[in-house]
Amino acid sequence: MRSALSAAKVTSLLGIFLAVSVLMGVIAAGLAAPVVGAAGLAAREGVGMFDRLPGDLEQNPLAQQSRILAADGSVLATPAKQNRIIVESDEISQHMKDAQVAIEDERFYDHGGMDVEALARAVVSNATTDNTQGGSTLTQQYIKMALQAEAIKEQDAEALQQLNSRSGMDGYIRKLRELKYAVTLEERLTKDEILVGYLNLAFYGDNVYGVEAAARHYFDVQAKDLSIAQAATLAGIVRAPTSTNPVANPELATARRNTVLDKMLDQEMITEEEWEAARESEIELTLTDSQRSCINSPNPYFCDYVTAWLLQQPALGATQDERFERLTTGGLTITTTLDRDLSDNLGEILREATPENDYNVASAATIVEPGTGHVLAFDQSSEYSFDESGDKVTSTSVNWNVDTEYGGPGGMEIGSVAKTYTVVEALEKGIPVETTLEIEEPGLADENGVWLDNPDDPQTPEGQTHPVGVFEREDFQEGCTIGEDYWTVRNALDENHDEEMELRKAVGLSINTAFATLASQVGTCDIVDTMSELGMHAATGEEWSPFPPAIVLGSDYASPMTVATSYAALAAGGVYCEPLPVTKIVDTNGEEIPLETPECERVVDEEVALGTVELLKEVVQMTGSGWTAILDGERPAAGKTGTNNNSSHTFFAGFTPQLSTAVFVGVPTGAALGDERVDMQIGDRFIEGPLFGSSLAGPTWKRIMDMAHADLPVEDWEEPSDEILNGKRVTIPDVIGMDEEEAREALREEGLTASVQDVGSSRPEGTVVYTTPGVGSSIRTTTSVVLHVSSGFAPQPQPQPAQPAPAQQPAAPPPPNQPAPPEPEPEPEPEPEPEPTEEAEPPPPEEDTEPAPAPAPAPPPEDGEEPPGGGPGGDGPPGQDDG
């Protein structure tokens, strides 16, 4: 005891001591004994103050970690503000309960929330020494921890400061309040309920809260399986969790554990043999990392995607902040669609396909289930890290598989993957699978796409020249046409410029000029609508660009997940399902939280989808551009290659009836281009020439799909109908006098395509003079209609060349007195042919046509036709695709 105390301190401490002593007395007496005199007044005041303190602890549910699970129930991540897992009493070992009671409150089972002996001892010690004793029961400690947790959650700094007061009047007022709560709590809860609450709430150091999270973190066991030594180690941490946990200070943790073991032996909770064995053991840690963030997840990229998706779900809250709070404190159990084995194998294949290289070529892939939209797997070749490597390819946390709103980089150019939507639109318009396309004779362009043999502006060739298809604004629908006067389109390797081409071949070999021709016939704006219906959009979330290079050749940017999901709709017979990574969310009460996700929807007629599949099968054949993707055992599959202009982005997207997969190989958006990407050695594969969709994306797709289908039955689609395969017979509508676009639209409505030829005529420029076959003819939709469009001037009659007079013998002089013969009269000049009238019809129809009843014959094309006009050079040639 100190020899001297200041008068002020003595007075203060005596007053507090008196108040507390009286208060303890009246509480111990059950507030029943009468009180008189000065002591009675003090007691009544003490009781009054105690009664005025709140008694019911209104505590919100404890913040606890949520769990994100794979489809098989394995844990992917445990998002949490505090790494805590709430458990019930039977999920905690008795050793753990005994150890915590032994070290914190040996009379826990005897008192009613307030240990009078311990409190009196603490008051005397604090008043007479420099040491501070708590004197708190385990129940009071539980109250304090609960109030602190609430203050932290509510971000109440003032309340937190009061709760941490340890001296002076504030400290004793805090103690009194905790006493009141403790007494009330002991009346409402059993001892075991209080102890379990304490064990779930306590902080055990090293960023873990609650006994379950602590047991898993330090020893990789559940709380119910803790041994005596392990339980004593954890119990010893609570008093000073920062300094006595075995990670921070193994020696101090061991000493503290032994103190707990001694207490357990003294209180006869363990035998002497158990005590000795536990004391002699070393603390053997099996540390497991917290999965509070996705960085420690077995699939961090998918974990990031799921987290971003959850933060957009209204079912979890009205705002993103509310959703985040519920996700990180609500103890939700979230079951995802991820197939762990499938995803792990996919990731391994990608890392083998594109190991670190000089060209910064990387890979990513997504697998989606047709008919459900379930995202079964995705991964990428990079290592997940917040410390991004300089090339942005080797290490990154950017998720290449998803749209920008989920953390993606903005997508990749999909190239000829986009051509599929032109096929869908063509079949919807009635163009059959077995059609033959008529393609204009190619022009000539330089490396920059300048049309060299433009009749209106011929250019002198410089450098290499290439055959190109030439398309003008009027070739495409208004609003979805080119911005320049013309667009020159090259084919891969400058090949396949046939004037007639089967649609099967055009699809199988991904012929750019054929697809630009087909798009001009079926309507580019209509193709954009079809893309949107099938879920295709730019990775930024915007609609697809309404310009032919994007519509036909895929110069816009999309994510692998978007491509895989869109193609899955075709695999499912035209039924589109939005990508879905989560199947169920359950709260802490076991109640399922209903998700607000859109239903799957039919967006394409089933027969049209089957016809599209029939054509896309041509790609995955030995004669197709995707021959490197042919599956083992000739399993039926359909797909499409895709390559952008400079071969920095390549795709292979394809599907079976069971799975749809999109594989990207190239330089991810934002990454450095690296060395020239020609004749590359990537891993164990040498790629001759430039990188195409068939070079590496195709073989990688094959490996993934062969792996994914190893245990799946072989399935195929039904054959499309004869009408889809061979077309139907329709009547050519009356388009005479319409302008070209009106006539094209009228033909499209009947499922017909058109090509255009200019003819000399006095009709207004741009109007249809006649058609071949003629108006009213019955033809199959496999036959293209030629629109003969007026150039705006009539051909002039050509003058007849003068005929030389026949050689004549000199005429004999007339006889005398005979008159000379008369001069011959001049022949009249021929009258020009009459202009064709609107009722005039063309010559008899071609082989696959039936003539309309008694059509009036139309004049043949007049002389003097001119080729279409041109304009100044446009942009460089987009979409040089294999495809």
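This text goes with the structure placed above it.
Rules used in this analysis
- Residues numbered from 1 in each chain as written.
- Predicted model: local features only at pLDDT ≥ 70, side-chain atom pairs only at ≥ 80, totals over all residues.
- Heavy atoms only, no water.
- Helix = DSSP H or I, 4+ residues; strand = E, 2+ residues; numbered from the N terminus.
- Buried < 20%, exposed > 50% of the residue type's maximum accessible area, 1.4 Å probe, protein only.
- Contact = heavy atoms within 4.5 Å.
- Areas by Shrake-Rupley, 256 points an atom, 1.4 Å probe, with all protein chains shown as cover.
- Phe/Tyr/Trp six-rings, centres within 6.5 Å; stacked < 30°, edge-to-face > 60°.
- Lys NZ or Arg CZ within 6 Å of the ring centre and 35° of its normal.
- Axes fitted to C-alpha atoms, helices over the stretch in contact; angles between N-to-C directions.
- Parallel < 35°, antiparallel > 145°, perpendicular 65-115°, else oblique.
- Left-handed = near helix turned anticlockwise from the far one by under 90°.
- Patch = residues over 30% accessible without salt bridge, like charges linked within 9 Å, V, L, I, M, F, W, Y side chains within 5 Å.
- Salt bridge = Lys/Arg side-chain N within 4 Å of Asp/Glu carboxyl O.
- Disulfide = S-S within 2.5 Å.
- Polar contact = N/O pair within 3.5 Å; in protein donor to acceptor, adjacent residues only side chain to side chain.
- Pairing = 2+ DSSP bridges.
- Core = buried A, V, L, I, M, F, W, Y, C linked by side-chain atoms within 4.5 Å.

Participant: So what's going on with the overall build of the chain? Which residues, and what values?
Facilitator: Helix and strand content of the chain: 26 helices and 30 strands. Burial analysis of the chain (883 residues in total) assigns 53% to the buried set. Of the contacts made within the chain by residues no fewer than 6 positions apart, 70% connect residues no fewer than 24 positions apart. Carbon and sulfur atoms provide 49% of the accessible area of the chain, an area that totals close to 40,300 Å².

Participant: Run through the packing of aromatic side chains, naming residues and quoting values.
Facilitator: This structure, assessed with the given rule, holds 18 aromatic pairs. Where Tyr-421 meets Tyr-567, the ring centres are 6.4 Å apart and the plane angle is 70°; that geometry is what we call edge-to-face. Highlighted residues: Tyr-421 in helix H17 (residues 419-428) and Tyr-567 in helix H22 (residues 560-571), separated in sequence by 146 residues. Over the ring of Phe-108 we find Lys-191; its NZ or CZ atom is 4.6 Å from the centre of that ring.

Participant: Please give an account of the environment of Glu-282 that cites residues and values.
Facilitator: As for its position among the elements, Glu-282 is in the loop between helix H13 (272-280) and helix H14 (300-310). For Glu-282, a relative accessible area of 67% translates into the label exposed.

Participant: How would you sum up the packing of H17 against helix H19 (residues 512-522)? Please name residues and give values.
Facilitator: Interaxial distance between H17 and H19 falls to 10 Å at its minimum, and their mutual angle equals 40°. Between H17 and H19, the crossing angle belongs to the class labelled oblique. Considering how the two elements wind past one another, H17 and H19 form a crossing that is left-handed. Residues Lys-419, Thr-422, Val-423, Glu-425 and Ala-426 of H17 pack against Asn-512, Phe-515, Leu-518, Ala-519 and Val-522 of H19.

Participant: Explain a nonpolar patch on the surface to me, using residue names and the numbers behind them.
Facilitator: Nonpolar side chains collect at one region of the surface, where Val-247, Leu-285 and Leu-287 lie side by side and expose about 220 Å² of accessible area between them. Counting through the fold element by element, Leu-287 comes out in the loop between H13 and H14. On the basis of relative accessibility, which here comes to 45%, the residue Leu-287 falls in the partly exposed class.

Participant: How would you explain the state of the cysteines if you had to name every residue and give the values?
Facilitator: Under the criterion given, the structure shown has 3 disulfides. There is a disulfide in this structure between Cys-480 and Cys-525, and the S-S distance comes to 2.1 Å. Between Cys-480 and Cys-525, the disulfide has an S-S torsion of 110° and is therefore right-handed. Of this pair, Cys-480 sits in the loop between strand E13 (465-472) and strand E14 (486-489) while Cys-525 sits in helix H20 (residues 524-533), and the two are 45 residues apart along the sequence. Cys-480 gets classed as buried once you look at its relative accessible area, which sits at 6%.

Participant: Can you tell me about the environment of Thr-656, naming the residues and giving the values?
Facilitator: Among the secondary structure elements, Thr-656 is positioned in the loop between strand E21 (649-655) and strand E22 (660-666). As a C-alpha pair, Thr-656 and Ala-638 span 18 residues in sequence and 6.7 Å in three-dimensional space. When residues no more than four places from it in sequence are discounted, the contact partners of Thr-656 are Pro-370, Ala-571, Leu-631, Arg-635, Pro-636, Ala-637, Met-705, His-709 and Trp-717. A polar side-chain atom of Thr-656 sits 2.7 Å from a polar atom in the side chain of His-709.

Participant: Tell me about the sheet that holds strand E1 (residues 67-69), and please be specific about residues and values.
Facilitator: With respect to topology, 4 strands assemble into an open sheet ordered E2-E1-E5-E18, the strand pairing being mixed. Both edges of this open sheet fall to strand E2 (75-77) and strand E18 (582-586), since each of them pairs with a single strand only. Across this sheet, the average inter-strand angle for adjacent strands is 30°, counted without regard to direction. The pairing of E1 with strand E5 (residues 333-336) spans 3 bridges and is classified as parallel. Among the inter-strand pairings, Leu-69 is bridged to a residue of E5, identified as Thr-335. Each of E1, E2, E5 and E18 touches H14; the most contacted strand, E18, lies at about 65° to it.

Participant: I'd like a description of the pattern of salt bridges, backed by residues and values.
Facilitator: Throughout the structure, instances matching the rule amount to 25 salt bridges. Two residues, Arg-490 and Asp-494, come together in a salt bridge whose shortest N-O distance is 3.2 Å. Judged by its relative accessible area of 14%, Arg-490 is buried. Taking the shortest distance from any N to any O, the salt bridge between Asp-632 and Lys-702 comes out at 2.6 Å. Within this pair, whereas Asp-632 is found in the loop between helix H23 (606-616) and strand E20 (638-643), its partner Lys-702 is found in helix H24 (residues 693-708), the two being separated by 70 residues in sequence. Its relative accessible area of 21% is what places Lys-702 among the partly exposed residues. The network of salt bridges with shared partners includes Glu-434, Arg-504, Glu-614 and Glu-618.

Participant: Lay out unusual backbone geometry in plain terms, naming residues and giving numbers.
Facilitator: Cis rather than trans, the peptide bond between Thr-772 and Pro-773 has omega equal to -10°. Topologically, Pro-773 is positioned in the loop between strand E27 (768-772) and strand E28 (778-780). The phi torsion at Leu-493 lies on the positive side, around 60°, for a residue other than glycine. Looking at the element boundaries, Leu-493 is found in the loop between E14 and strand E15 (500-502). You will see that Glu-634, though not glycine, has its phi angle at about 55°, which is positive. Summarising the element assignment, Glu-634 is placed in the loop between H23 and E20.

Participant: Quick one: what's the story with the sheet that holds strand E6 (residues 362-368), residue by residue and with numbers?
Facilitator: Across the sheet, 5 strands lie side by side as E7-E6-E22-E21-E20; this open sheet has antiparallel pairing. Each edge of the open sheet carries a strand with a single partner, namely strand E7 (375-380) and E20. For this sheet, the mean inter-axis angle between neighbouring strands, taken without regard to orientation, is 10°. In this structure, E20 lies alongside E21, joined through 6 bridges in antiparallel fashion.

Participant: Please give an account of the side chain of Arg-490 that cites residues and values.
Facilitator: As for its position among the elements, Arg-490 is in the loop between E14 and E15. Looking at Arg-490, its side chain comes within polar contact range of the side chain of His-466, at 3.3 Å.

Participant: Go over the nonpolar core, please, and point to the residues and values.
Facilitator: Ile-414, Trp-487, Val-563 and Phe-655 are the most contacted members of the largest nonpolar core, which has 103 residues in total. If near-sequence neighbours (up to four positions away) are discounted, Val-563 is found in contact with Ile-414, Val-417, Met-536, Ala-558, Phe-651, Ala-653 and Ala-662. In this structure, Ala-99, Tyr-142, Leu-226 and Ala-278 belong to the second largest nonpolar core, which totals 47 residues.

Participant: Could you give an account of the environment of Leu-659, naming the residues involved and the relevant values?
Facilitator: The residue Leu-659 is located in the loop between E21 and E22 in this model. Judged by relative accessible area, which is 6%, Leu-659 ranks as buried. It is 9.2 Å that separates the C-alpha atoms of Leu-659 and Ala-564, two residues lying 95 residues apart in sequence. Each residue touching Leu-659, except ones within four places of it in the same chain, is listed here: Ile-367, Val-368, Pro-370, Leu-376, Gly-654, Met-705, Ala-708, His-709 and Leu-712.

Participant: Pulling in residues and values, what's your account of helix H3 (residues 94-104)?
Facilitator: Counting buried positions along H3 yields 9 of 11 residues, so the element is predominantly enclosed. Every buried residue of H3 is listed here: Met-96, Lys-97, Asp-98, Ala-99, Gln-100, Val-101, Ala-102, Ile-103 and Glu-104.

Participant: Go over the packing of H3 against helix H10 (residues 228-237), please, and point to the residues and values.
Facilitator: The interhelical angle for the contact between H3 and H10, taken along N-to-C directions, is 40°, at an axis separation of 8 Å. Regarding the angle of H3 to H10, the classification is oblique. Judged by the sense of rotation from one axis to the other, the crossing of H3 with H10 is right-handed. Between H3, through His-95, Met-96, Ala-99, Gln-100, Ile-103 and Glu-104, and H10, the contact on the second element is made entirely by Ile-228, Ala-231, Ala-232, Leu-234 and Ala-235.

None of the figures reported here should be taken as evidence of function without further support.
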